[in-house]
Amino acid sequence: MSLTAQELVAAAKQQITEIDVVTAQTRLSSLLLDVREPAEYAAGHLPGAVNIPRGLLEFKIDSHPDFQGQQQADIVVYCQTGGRSALATQVLNQLGYSGAVSMAGGFKAWTESGLSVE
């Protein structure tokens, strides 16, 4: 049985924790992971966020200095609208990053709420 991208995201969201932008704003001292593409990140991102694109996440997370030994740390994951971050959070949880949560609505919801970006 094949699934659509939307069905994959919906299934991931059943297995992860999502937080809203208000909650994410209270967690800015956590590790912030932007899983968008580098050009999207360069156009604006949450203050202090680290960019590892979704397509490279499984291969780069363990070797990135900010995430080495951080399997128990709080990690707020976001993308543009919440789909890629849901999939990324599911993978992070599978890789042992138990404190990873996805920011519902993504960068779009963050900016629409008038919150600061870099």
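In this report, we go over the structure that sits alongside the text. (Residues numbered from 1 in each chain as written. Predicted model: local features only at pLDDT ≥ 70, side-chain atom pairs only at ≥ 80, totals over all residues. Heavy atoms only, no water.)

## Quick look at a nonpolar patch on the surface
Among the surface-exposed residues, Met1, Leu3 and Leu8 lie close enough to one another that they form a single nonpolar patch of about 390 Å² accessible area. Of note, methionine 1 is situated in the segment before α1 (5–15). Given the relative accessible area of 95%, methionine 1 is considered exposed. (Patch = residues over 30% accessible without salt bridge, like charges linked within 9 Å, V, L, I, M, F, W, Y side chains within 5 Å. Areas by Shrake-Rupley, 256 points an atom, 1.4 Å probe, with all protein chains shown as cover. Salt bridge = Lys/Arg side-chain N within 4 Å of Asp/Glu carboxyl O. Helix = DSSP H or I, 4+ residues; strand = E, 2+ residues; numbered from the N terminus. Buried < 20%, exposed > 50% of the residue type's maximum accessible area, 1.4 Å probe, protein only.)

## Thoughts on the pairing of strand β2 (residues 31–34)
Two faces, one strand: in a regular strand the side chains alternate between the faces of the sheet. With burial as the criterion, each face of β2 is covered, one bearing Leu31 and Leu33 and the other bearing Leu32 and Asp34. Both β2 and strand β4 (residues 75–78) contribute to a ladder of four bridges, which runs parallel. When the bridges of β4 are listed, leucine 33 appears paired with valine 77. Both β2 and strand β3 (residues 50–51) contribute to a ladder of two bridges, which runs parallel. Its bridge partner being in β3, leucine 33 is matched across the sheet by valine 50. (Pairing = 2+ DSSP bridges.)

## Looking at the pattern of salt bridges
On inspection of all chains with the given rule, the structure shows four salt bridges. The salt bridge partner of lysine 13 is glutamate 18, with a shortest N-O separation of 3.6 Å. Overall, lysine 13 belongs to the partly exposed group, its relative accessible area being 32%. One salt bridge connects glutamate 58 with arginine 54, and the closest N-O pair in it is separated by 3.1 Å.

## Looking at the sheet that holds strand β5 (residues 100–103)
Backbone hydrogen bonds hold the strands of a sheet together, and the pairing may be parallel or antiparallel. Taken in spatial order, the five strands line up as β1-β5-β4-β2-β3 in an open sheet, and their pairing is parallel. Strands with a single pairing partner mark the edges of an open sheet, and in this sheet they are β1 (18–19) and β3. Its contacts with the sheet put helix α5 (residues 83–94) on β2, β4 and β5, and the angle it makes with β5 is roughly 175 degrees. (Contact = heavy atoms within 4.5 Å. Axes fitted to C-alpha atoms, helices over the stretch in contact; angles between N-to-C directions.)

## Here's the deal with the pairing of β4
By the alternation rule, side chains of β4 split into Ile75 and Val77 and Val76 and Tyr78, which are all buried. When β4 meets β5, the two strands line up parallel, connected through three bridges. Bridging across to β5, valine 76 finds its partner in valine 101. With α5 bridging β4 and the parallel β5, this β-α-β connection has right-handed handedness. (Right-handed = clockwise from strand over helix to strand, strands pointing away.)

## Some thoughts on the nonpolar core
With 16 residues, the main nonpolar core has Leu33, Ile61, Phe67, Ile75, Val77 and Leu92 as its most contacted residues. Counting residues per element, the ones that place at least two in this core are β2, β4 and α5. Aside from chain neighbours lying at most four places away, what touches leucine 33 is Val50, Ile52, Leu57, Ile61, Phe67, Ile75, Val76, Val77, Tyr78 and Leu92. If you look at the next biggest cluster of nonpolar residues, it comprises 13 residues, including Ile19, Leu32, Leu46 and Ala49. (Core = buried A, V, L, I, M, F, W, Y, C linked by side-chain atoms within 4.5 Å.)

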